[in-house]
Amino acid sequence: MQPNNIFVSPHFRLTEFQCRCCGCVKLHPELLVKLERLRDAWGSPLLLTSGFRCEKHNKKVNGAEASLHLLGQAADVVVLEENQREFMEAAEKEGFDQFIPYGKRNFVHLGIFGRDERISLPVNQHKWEMAVPVHAGAAA
Ligand SMILES: [Zn+2]
Ligand SMILES: [Zn+2]
């Protein structure tokens, strides 16, 4: 049996969060709880394209230097472009505080403990380097 192939919540297995290059995994309990609640609220399966990333893998995919993926506090979820706004609103209700819609690439980055620094991309831009930090103030 494959390591980490175990349900850690009703809908997620630990394998879904492990680093794509080495299989290492770090998963913040609150990320899992929030994702599980979001899964219920959203009503359909959440397919993760990226969960935890080791330093090496994060560099390889040009992740931000201080990416929450390095801490097990972020996940990238497959969401069609036309549903991304609605999806992020649902995620915000569950307490996520970092959102990056990747538009035509059909996924959304969600993080926890982004400390009110929200990053939003214009829909036609997809690179971290183009991210524009938006200070949204204290979480409502
Ligand atoms: Zn790795
Ligand atoms: Zn991400």
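Residues numbered from 1 in each chain as written. Chains lettered and ligands numbered in written order. Predicted model: local features only at pLDDT ≥ 70, side-chain atom pairs only at ≥ 80, totals over all residues.

Novice: Looking at this structure, I do not really get the overall build of the protein. What am I missing?
Specialist: What the protein contains, in helices and strands, is three helices and six strands. The order of α-helices and β-strands along the protein, N terminus first, is α-β-α-β-α-β-β-β-β. The buried share of the protein, reckoned over its 140 residues, is 31%. Intrachain contacts of the protein at a sequence separation of at least 6 include 51% that bridge at least 24 residues. (Helix = DSSP H or I, 4+ residues; strand = E, 2+ residues; numbered from the N terminus. Buried ≥ 20, exposed ≤ 12 C-beta atoms within 10 Å, placed from the backbone. Contact = placed C-beta atoms within 7 Å.)

Novice: Looking at this model, I keep getting lost on the environment of Arg37. Mind explaining?
Specialist: The residue Arg37 is located in helix 1 (residues 29-42) in this model. The class for Arg37 is partly exposed, based on 16 C-beta atoms found within 10 Å. A sequence separation of 54 residues divides Arg37 from Ala91, and the C-alpha atoms of the two residues are 9.0 Å apart.

Novice: Help me understand the environment of Lys56, please; the structure alone is not making it clear to me.
Specialist: By the secondary structure assignment, Lys56 is in helix 2 (residues 55-60). When the C-alpha atoms of Lys56 and Cys22 are compared, they prove to be 9.4 Å apart, with 34 residues separating the residues in sequence.

Novice: Mind showing me how you'd approach helix 3 (residues 84-93) here?
Specialist: Think of an α-helix as turning once every 3.6 residues; residues three or four places apart then point the same way. Those residues of helix 3 not exposed but buried are Gln84, Met88 and Ala91. Seen from one end, helix 3 has its buried residues packed into an arc of 60 degrees, which puts them on one side. With respect to the buried face of helix 3, the exposed residues turned more than 90 degrees away are Glu86, Glu89 and Lys93. Contact partners of the buried residues in helix 3: helix 1, strand 3 (98-101) and strand 4 (107-111). Gly95 sits one or two positions beyond helix 3 and adopts a positive phi of about 105 degrees. (Arc of directions from axis to C-beta.)

Novice: Please explain the environment of Arg53 as it appears in this structure.
Specialist: Examined against the element boundaries, Arg53 turns out to sit in the loop between strand 1 (48-50) and helix 2. The sequence separation of Arg53 and Ala74 amounts to 21 residues, and the corresponding C-alpha distance is 9.4 Å. Residue contacts for Arg53: discarding those within four places in its chain leaves Cys19, Asn58, Gly63, Ser67, His69 and Leu70.

Novice: I keep staring at the nonpolar core and nothing clicks. Help me out?
Specialist: For soluble globular proteins, the rule of thumb is that nonpolar side chains tend to be buried together. Formed by 23 residues in total, the largest nonpolar core has its most connected members in Ala75, Val77, Ala91, Phe99, Val108 and Leu110. Elements with a contribution of two residues or more to this core: helix 1, strand 2 (74-78), helix 3, strand 3 and strand 4. Excluding residues within four positions of it along the chain, Leu110 makes contact with Ala74, Ala75, Val77, Ala91, Phe96, Gln98 and Phe99. (Core = buried A, V, L, I, M, F, W, Y, C linked by C-beta atoms within 7 Å.)

Novice: Can you help me understand unusual backbone geometry in this one?
Specialist: It is generally the case that most residues other than glycine have a negative phi and that most peptide bonds are trans. A positive phi angle, close to 70 degrees, is found at Asn4, a residue other than glycine. Checked against the element boundaries, Asn4 lands in the segment before helix 1. Under the C-beta neighbour-count criterion, Asn4 is labelled partly exposed, with 16 such atoms within 10 Å. Although it is not a glycine, Asn62 sits at a positive phi angle of roughly 60 degrees. Relative to the helices and strands, Asn62 is located in the loop between helix 2 and strand 2.

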